[in-house]
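# Commentary on secondary and tertiary structure
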Amino acid sequence: MIKQHTISLIMPCRNEGKALETVLKRLPEEIDEVIVVDNNSTDKTLDVAKRYGARIFKENRVNKYGIGYGYALQKGIGEAKGTIVICMDGDGSYPAKEIPRLAGKLIDKNLDFISCNRLPFKNPKKMSFIRATGVRILNIITWFLYGYKIKDSLSGMWVFRRHALEEIKLFEGGWNLSLEIKLKSFIHPKLNFSEEQISYRDRIFDISKQSLVRTGLEHVLYLFSFRIALLRVNRYGLGLTILPKSNSL
Ligand SMILES: Nc1nc2c(ncn2[C@@H]2O[C@H](COP(=O)(O)OP(=O)(O)OP(=O)(O)O)[C@@H](O)[C@H]2O)c(=O)[nH]1
Ligand SMILES: [Mg+2]
């Protein structure tokens, strides 16, 4: 609990048993609820989550590339009970210890959504050059297409008010959910969106299975297709809850 707000932490996991244990061991006591959404794990992820008292959900839907990251997060967000929700990877790369500070900022600054910015990526051990360059390219495309100077378009850690997400519908089942949730938050006329700097490091166990080129291209395609959809559908965009007719915005 932070300043009368209950805190839910959601982590999508696939075969993160080792890293998840390290994360769960050191969670700040202000977190009221931990949700682990498993997707086809074959390791000890579920056992670890159970041992540390997390609420566990299984969401086995995957997209055409076999990725269920977005589906898992949609499931977790739908189940969260806290008034403030944090989503982050379960691989130990994001700083759980910064959650109280970030939630405090959300409350004090009256924000609805904070996307946690990992930049600048100065230390190659913290993020590989190719990944950092990819993020920068996506930032520029986002700026060019949406007019918003985002600092980290692909951050996987967000802190938001649960009611804010009721304004938004999410559809992406794979990696694009990370872009979708930010785009729909910062273009939404009723939501206060901001970015906050955090510390970051590459995953703490196992080698990365991320397919950087394919995922990067998928992200570029998504940025363009969502922009075109916005132009075609209405000012507020495909997938956003349509504002009430009486709203003059
Ligand atoms: N539920 C679910 N979680 C997934 C899936 N794929 C990845 N994850 C989890 O989503 C988070 C982000 O995935 P990562 O594999 O760390 O992706 P990344 O950070 O781009 O790449 P690396 O850390 O370099 O491997 C991690 O907690 C994963 O366990 C999936 O298909 N379903
Ligand atoms: Mg990772």
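Residues numbered from 1 in each chain as written. Chains lettered and ligands numbered in written order. Predicted model: local features only at pLDDT ≥ 70, side-chain atom pairs only at ≥ 80, totals over all residues.

## Some details on the overall build of the protein
As a reminder of what qualifies: Helix and strand definitions here come from DSSP, where helices need a minimum of 4 consecutive H or I residues and strands a minimum of 2 consecutive E residues; each element is numbered from the N-terminal end. Put simply, the radius of gyration uses C-alpha atoms, and a globule should come to 2.2 Å times the residue count raised to 0.38. In this scheme every C-beta is placed from the backbone, and a residue whose C-beta has 20 or more other C-beta atoms within 10 Å is buried, one with 12 or fewer is exposed, and one in between is partly exposed. For every residue pair, C-beta atoms are placed from the backbone, and the pair is scored as a contact if these atoms sit within 7 Å.
Regarding its fold elements, the protein presents 8 helices and 7 strands. On C-alpha atoms alone, the protein measures out to a radius of gyration of 17 Å, which is about the 18 Å that the 2.2 N^0.38 rule sets for 249 residues. Expressed as a percentage of the 249 residues in the protein, the buried residues total 41%. Restricting the contact set of the protein to residue pairs at least 6 apart, pairs at least 24 apart contribute 75%.

## Here's the deal with the pairing of strand 6 (residues 158-161)
Spelled out, the test is: At least two bridges found by DSSP between two strands are what make those strands a pair.
Side chains Trp-158 and Phe-160 of strand 6 all project onto a buried face; the interleaved residues Val-159 and Arg-161 project onto the opposite face, where all are buried too. As paired strands, strand 4 (residues 84-87) and strand 6 are joined by 4 bridges and run antiparallel to one another. Of the residues in strand 6, the one forming a bridge with Ile-84 is Arg-161.

## A look at the environment of Phe-193
Relative to the helices and strands, Phe-193 resides in strand 7 (residues 193-197). On the basis of neighbour counts, which here come to 20 C-beta atoms within 10 Å, the residue Phe-193 falls in the buried class. Distance from Phe-193 to Asn-110, taken between C-alpha atoms, is 9.9 Å for residues 83 residues apart in sequence. In this structure, Phe-193 is in contact with Asp-112, Phe-113, Ser-185 and Phe-186, ignoring residues within four places of it in sequence.

## Digging into the sheet that holds strand 4
Strand pairing in a sheet is mediated by backbone hydrogen bonds. Such pairs are either parallel or antiparallel. What counts, and what does not: Here an angle of 0 to 180 degrees is reported between the N-to-C directions of two axes, which are lines fitted to C-alpha atoms, with helices fitted over the stretch in contact.
An order of 3-2-1-4-6-5-7 is seen for the 7 strands of this open sheet, with the pairing classed as mixed. The open sheet is flanked by strand 3 (55-58) and strand 7, the only strands paired with a single partner. With direction set aside, neighbouring strand axes in the sheet form an average angle of 20°. Bridge analysis of strand 1 (residues 7-13) against strand 2 (residues 33-38) gives 6 bridges, and the strand direction is parallel. Residue pairing for strand 2: Ser-8 is matched across the bridge by Glu-33.

## Some points on the confidence of the model for the protein
We apply this condition: Confidence scores labelled pLDDT are given residue by residue by the predictor and lie between 0 and 100.
Averaged over every residue, the pLDDT of the protein is 91; residues scoring 70 or more account for 91%. When the criterion is pLDDT under 50, residues 237-249 qualifies, and its contacts beyond four places in sequence or with other chains add up to 19 contacts.

## A word on the pairing of strand 1
What counts here: Assignment of crossover handedness uses the view with strands pointing away from the viewer, where a clockwise path from the first strand over the helix to the second indicates a right-handed crossover.
The element strand 1 is extensively covered by neighbouring structure, given that 7 of its 7 residues are classed as buried. Side chains of strand 1 alternate between two faces, with Ile-7, Leu-9, Met-11 and Cys-13 and Ser-8, Ile-10 and Pro-12 buried alike. Traced from strand 1 through helix 1 (residues 17-25) to strand 2, the parallel crossover comes out right-handed.

## Examining the site of ligand 1
Spelled out, the test is: Note on definitions: a residue is near a molecule or strand provided its C-beta atom, placed from the backbone, lies within 6 Å of it. Any residue outside Ala, Val, Leu, Ile, Met, Phe, Trp, Tyr, Cys, Pro, Asp, Glu, Lys and Arg is labelled polar, Gly included; the first ten of those are nonpolar and the last four are charged.
Taken together, the neighbourhood of ligand 1 is formed by 22 residues, with Asn-39, Gly-68, Ala-72, Ser-208 and Gln-210 sitting nearest. If you list the elements that add at least two residues to the shell around ligand 1, you get strand 1, strand 2 and helix 3 (69-79). Per element, the largest residue contribution to the shell around ligand 1 is 3 residues, and it comes from strand 1. Residues of the shell around ligand 1, tallied by class, amount to 8 nonpolar, 7 polar and 7 charged.

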